[in-house]
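Letter by letter, the chains look like this.
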Amino acid sequence: MKIVVTGTRGIPGVMGGVETHCEELFPRLAVRGFDVTVVRRSAYVADGLGEWRGVRLVDVESPRKKSLEAIVHTFRAINEAKRVGADILHIHAIGPALLVPYAKALGMRVVFTHHGPDYDRDKWGRAAKAMLKLGERMGCMFADEVIVISDVIRNLIKRKYNRTQHVHLIYNGVSQPEMCDYPEYFDELGIEKGRYILGMCRFVPEKNLHHLVEAFIKIKNEAKGINLVLAGDTDFEDEYSRGLKEMARKNGVVLTGFVKGRKLHSLLTNCLCYCLPSSHEGLPIALLEAMSYGVKVIVSDIPANIEVGLNKNDYFPVGDVDALAEKLKIIIEHPLEHICYDMGKYDWEEIANQVARVYRNPK
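Note that this is a predicted model, so its numbers are computed, not measured.

K.L.:
What am I meant to see in the pairing of strand 2 (residues 35-41) here?
P.N.:
Successive residues of a regular strand alternate their side chains across the two faces of the sheet. Of all seven residues in strand 2, six are buried; the element is thus mostly enclosed. Crossover handedness for the path strand 1 (residues 2-6) to helix 1 (residues 17-31) to strand 2: right-handed. Two elements, strand 2 and strand 4 (residues 55-60), share five bridges in a ladder whose sense is parallel. Bridge assignment links Arg41 to a residue of strand 4, and that residue is Val60.

Now the structure itself:
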């Protein structure tokens, strides 16, 4: 069965939750006998790869403008899927889902994965939010199969579109942790094992990393010898990302940029805690990654984070900087803690089996 995938910037090693999802999922589906092609956005990849871990890679140009990039790329990817005779077009995210009716008009079977209501993200203006809402509607109404990554999203599309048939709850997954030390990298950053708070995500407004910096500033006097490390960056440098970086630098926050591999694994292995103060998530892979390393986590009390089922003391009211500062202060004052979370339902192998069943399920 031939599968063509769009809605992602690309794999491997491209920053983003959808990208991580696709990077983990589709090689596993290739192992299960599916002929998988991921259509990538050429501006995000420079590796020259035509195949990776059994997945074919096709690079297509798209404009580097956030309001046009996804939709233009998706249009071209759908045409590529039609050209190669795909049995299934798998579209990720609600922006690209705007073109589900176009794919259906070409006679294609479409699977749509809803990763979250992106129109809630602060980076979008009114017109973009309207188009994203329309994309969600097109995906939920016209796709043959809809995959949702959280029960929150399943309830959302039931309420908004009365869609309950051919809707599949399949969680995001997390790989086995690669516990490691990288002392040379820590020396380069000027941090010590077990003596830093980690924020790891893209530098966009809805992640609320500025709240994490503000909370850290409030406890700096009690946090002697403790660093705040922000791992990540932004796809499109804007007023928010520039302001966040400037605020971070002025207050001694360590900025790593986008990291992966051994550097990322060492940061996750040795942090005092991981913090995600976001106001919007689908089901955050970065949080699941941190949990897989057994580190203490502090997260906002938005529905997607609550669905993960952490201890109630691990949550703080979204946007409440004072409450976040108090949580961080308590962690700093207590010994380093290792926690054994139940990660069973986030197993990528079982997730791949579930998606394979969706592909094989005739409508």
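K.L.:
For this particular structure, what's the right way to read the pattern of salt bridges?
P.N.:
Side chains that differ in charge, positive against negative, can pair when their charged atoms come close. Across all of its chains, the model carries 24 salt bridges by this definition. Between Lys193 and Asp181 there is a salt bridge whose closest N-O contact spans 3.3 Å. Of this pair, Lys193 sits in the loop between helix 6 (183-189) and strand 9 (196-200) while Asp181 is found in the loop between strand 8 (167-169) and helix 6, placing the two residues twelve residues apart along the sequence. Close ionic contact of Glu350 with Arg357 constitutes a salt bridge, the shortest N to O distance being 3.3 Å. When salt bridges with common partners are traced through the structure, they connect Arg9, Glu19, Arg202 and Asp235 into a single cluster.

K.L.:
Teacher, can you tell me more about the sheet that holds strand 9 here?
P.N.:
Each strand in a sheet pairs with another by means of backbone hydrogen bonds, the pair being arranged parallel or else antiparallel. Spatially, the six strands line up as an open sheet ordered 11-10-9-12-13-14, and their pairing is parallel. A strand with exactly one partner marks an edge of an open sheet, and here the two such strands are strand 11 (254-257) and strand 14 (315-316). Summarising the sheet, strand 9 and strand 10 (residues 227-231) pair through five bridges and their orientation is parallel. Bridging across to strand 10, Leu198 finds its partner in Val229.

K.L.:
Looking at this model, I keep getting lost on the sheet that holds strand 8. Mind explaining?
P.N.:
Strand order in this open sheet of eight strands is 3-4-2-1-5-6-7-8, and the pairing throughout is mixed. At either end of the open sheet lies a strand with only one pairing partner, and these are strand 3 (51-52) and strand 8. Across four bridges, strand 1 lies against strand 2 in parallel orientation. Each bridged residue has a counterpart across the sheet, and for Val5 the counterpart in strand 2 is Val38. Most of the contacts of helix 1 go to strand 5 (residues 88-92), to which it runs at about 155 degrees, and overall it touches strand 1, strand 2, strand 3, strand 4 and strand 5. Of the strands in this sheet, strand 1, strand 2, strand 4 and strand 5 touch helix 2 (residues 69-83), which is tilted by about 145 degrees from strand 2.

Cut-off values and rules
- Residues numbered from 1 in each chain as written.
- Predicted model: local features only at pLDDT ≥ 70, side-chain atom pairs only at ≥ 80, totals over all residues.
- Heavy atoms only, no water.
- Buried < 20%, exposed > 50% of the residue type's maximum accessible area, 1.4 Å probe, protein only.
- Helix = DSSP H or I, 4+ residues; strand = E, 2+ residues; numbered from the N terminus.
- Right-handed = clockwise from strand over helix to strand, strands pointing away.
- Pairing = 2+ DSSP bridges.
- Salt bridge = Lys/Arg side-chain N within 4 Å of Asp/Glu carboxyl O.
- Contact = heavy atoms within 4.5 Å.
- Axes fitted to C-alpha atoms, helices over the stretch in contact; angles between N-to-C directions.

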